[in-house]
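Residues per chain are reported as follows:
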Amino acid sequence: MTNQDHWLSTAKQLYENKIAEPVLWLGDDKHYEEAKQIFGKNVQNMLQFVHRPFLFKDTDYNSQNIEFLESINYLRAKDICLKMMDRIDLNSSLGRLDREVYFNNIVIWTLKKIKENKPEVFIAVENPHSHAQYLIYEICQFLDIPVFKFNNFMPVPLLFLENIKTGNRVEHKLDIAHSNIDIQIEKEIKKFISDIIDKNENFELSYMKTQKKNRVLINRLINYCNKGFIEDLKDIKFNLSNQLSSTYSPTNPYGIGFIGRKLIKKKRIDNLRKQIKVHEEEININHPYVYFPLHYEPERTTNPDGKRFHDQFSALLELRNIIPNNINIIVKEHPSQILVADRASRGRSPLFYNLIKNVEGVKLAPIFYNSIQLMLKSKFVATITGSVALEASVLGIKTLTFGQTWYKGLPNTYSWKKNISYESIISQEIEGKEAIINFLMNLKNNFSVPAFQNHSQRNFFKRYETSEFENLQSRRLYNLLANFFKNKLYNNIS
């Protein structure tokens, strides 16, 4: 659960109406005390579960669901989870040995918890962003417990429920009267599509504009005073407490201080920037190529969306395998890798750019090269789950997706499969703007409800922060989930 109040209030309403009971509540610690009062021992502290599982005591694990340890799910989860721990590696010091202890602590705790409580379904409010949440997903999948998540409809504040494993969406089948919010959302969807067409090479997603704006020195100072300073104080307090109590801290085993951590972070991002510059080259867009923009790390590809392509390099190799040798692959680094230095310093090895250029025909474009221009001249675009596919589709360009996307089924996009070929993609007919709008409207009307997924989405869609939206959000979210549980739709959406 995220820190949005409507998730707790919806769960409380479902519980009080005897529709559904959480046998494990793993939510933002903002709601910990209130959730504990409602759901009792079924509530787990997020801070401990994600950041400090090494403090678990008296788990008393006794071989419950031990078959998981021999499964492909265990090996896959370990690979992905150890990578996802980059997110909490603030000091670049969280080593493999400690990461394995984190991982196995959560494994035995979860295996026992599931055996004792026998949940019917697992639901995540958003993609499992942390290693701990992802691990629960893998364990449930192995134990044949249906797993679902809320996915967000990127251009507007809409959410829909889908099966994490298959990507199949839950059709809400609710009799929904058209509201002012619905009308506003429909207008914004159409405007988003029109903006891509009208602005063409000048089109830029709003979050990219915000990131560039935030890199201005005065805005960096304001953001630090509003948020960064408080986070640093918490970290200083935590490290000082560990030192005074002689407690071993796996995320800071060498006792690196505040200044030391800042210097490490700066050095890591400087190393990354230098290697991007070293490996960038002039791009010949008149030579045939496929465009492959990278994802920002450690974000999208450490989520279940990527499936086995959580490592972008494996997707690049599969792409090279299906396209003719005389066609290049133009790779472009995600600008957030530079603009969001806070997390980017944990997200990409500076050696990565040399690695990808060892693949035949791979060219690394300058990081701020116009992405739309690269799309327009390409044979097609390839991405794991990127929003670039939506932009390309609107502009009449085909896209090959390797992961499980929120826009699955969008016209002009094709999902990777073993027998897909370059010719099968190239030979497809291009569908126009109306087909794209019809697809998005169907997704809105039959599967989605207006709701904020998390704090970031709420901030992004500030214009929707009204009492009318909040009331509609609460009502439709509850109705969607009540229908889902009452009719046991989790057993039918495979």
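Residues numbered from 1 in each chain as written. Predicted model: local features only at pLDDT ≥ 70, side-chain atom pairs only at ≥ 80, totals over all residues. Heavy atoms only, no water.

Asker: Tell me about the layout of surface pockets, residues and numbers included.
Answerer: It is the rolling of a water-molecule-sized probe over the atoms that shows where space remains empty. In this structure, the second largest pocket spans a volume of roughly 540 Å³. Forming the walls of the second largest pocket are 26 residues, and the residues nearest its centre are Lys165, Lys307, Phe402, Gly403 and Gln404. Those elements that provide at least two residues to the lining of the second largest pocket are helix H4 (72-84), helix H6 (131-142) and strand E11 (413-415). It is H6 that provides the largest number of residues to the lining of the second largest pocket, a total of 4 residues. Along the lines of polarity and charge, the residues of the lining of the second largest pocket split into 10 nonpolar, 10 polar and 6 charged. (1 Å grid on protein atoms, 1.4 Å probe; cavity = no way out; pocket = protein on both sides within 12 Å on 5 of 7 lines; lining within 4 Å. Points joined across faces, edges and corners; volume = space filled by probe spheres on them. Helix = DSSP H or I, 4+ residues; strand = E, 2+ residues; numbered from the N terminus. Nonpolar A, V, L, I, M, F, W, Y, C, P; charged D, E, K, R; others polar.)

Asker: Describe the sheet that holds strand E12 (residues 448-450), listing the residues and the values that go with them.
Answerer: Read across the open sheet, the 4 strands follow the order E3-E4-E5-E12; overall the sheet is mixed. The open sheet is flanked by strand E3 (122-124) and E12, the only strands paired with a single partner. Looking at each pair of strands side by side, their axes are set apart by 30° on average, direction ignored. Sheet topology places strand E5 (residues 158-163) next to E12; 3 bridges connect them, and they run antiparallel. Its bridge partner being in E12, leucine 158 is matched across the sheet by proline 450. Sitting on the sheet, H6 is in contact with E3 and strand E4 (147-153), with an inclination near 150° to E3. (Pairing = 2+ DSSP bridges. Axes fitted to C-alpha atoms, helices over the stretch in contact; angles between N-to-C directions. Contact = heavy atoms within 4.5 Å.)

Asker: Describe in detail a nonpolar patch on the surface, supporting the description with residues and values.
Answerer: Together, Leu233, Ile236, Phe258, Ile259 and Leu263 make up an exposed nonpolar region whose accessible area comes to about 460 Å². Those elements that provide at least two residues to the nonpolar patch are helix H9 (217-244) and helix H10 (258-279). Looking at the nonpolar patch, the element that brings in the most residues is H10, giving 3 residues. Topologically, isoleucine 259 is positioned in helix H10. (Patch = residues over 30% accessible without salt bridge, like charges linked within 9 Å, V, L, I, M, F, W, Y side chains within 5 Å. Areas by Shrake-Rupley, 256 points an atom, 1.4 Å probe, with all protein chains shown as cover. Salt bridge = Lys/Arg side-chain N within 4 Å of Asp/Glu carboxyl O.)

Asker: Could you give an account of the pattern of salt bridges, naming the residues involved and the relevant values?
Answerer: Counted under the stated rule, the structure contains 22 salt bridges. Note that aspartate 270 is salt-bridged to arginine 273, the shortest N-O span being 3.9 Å. In this pair, aspartate 270 and arginine 273 both sit in helix H10, 3 residues apart, roughly one turn of the helix. For arginine 273, a relative accessible area of 27% translates into the label partly exposed. The shortest N-O distance in the salt bridge between arginine 458 and glutamate 465 comes to 3.0 Å. (Buried < 20%, exposed > 50% of the residue type's maximum accessible area, 1.4 Å probe, protein only.)

Asker: How would you explain the pairing of E4 if you had to name every residue and give the values?
Answerer: For E4, the buried fraction is high: 6 of the 7 residues fall into the buried class. Bridge count between E3 and E4: 3 bridges; the pairing is parallel. By the bridge assignment for E4, alanine 124 is matched with lysine 149. Of the pairings in the sheet, the one linking E4 to E5 comprises 6 bridges and is antiparallel in character. Within the sheet, the bridge partner assigned to asparagine 152 lies in E5 and is leucine 159. Hairpin remark: E4 followed by E5, antiparallel, with 4 residues in the connecting loop.

Asker: Talk me through the nonpolar core; I want residue IDs and the actual numbers.
Answerer: Across soluble globular proteins, you tend to see nonpolar side chains buried next to one another. Grouped together as the largest cluster of nonpolar side chains are 43 residues, with contacts concentrated most on Phe153, Tyr291, Leu374, Met375, Trp406 and Leu440. Among the secondary structure elements, those contributing two or more residues to this core are E5, helix H7 (180-199), strand E6 (289-293), helix H15 (371-376), helix H16 (388-394), helix H18 (433-447) and helix H20 (467-486). Broken down by element, this core gets its largest block of residues, 7 residues, from H18. Apart from residues lying up to four places away in sequence, leucine 440 is in contact with Phe153, Ile189, Ile193 and Trp406. (Core = buried A, V, L, I, M, F, W, Y, C linked by side-chain atoms within 4.5 Å.)

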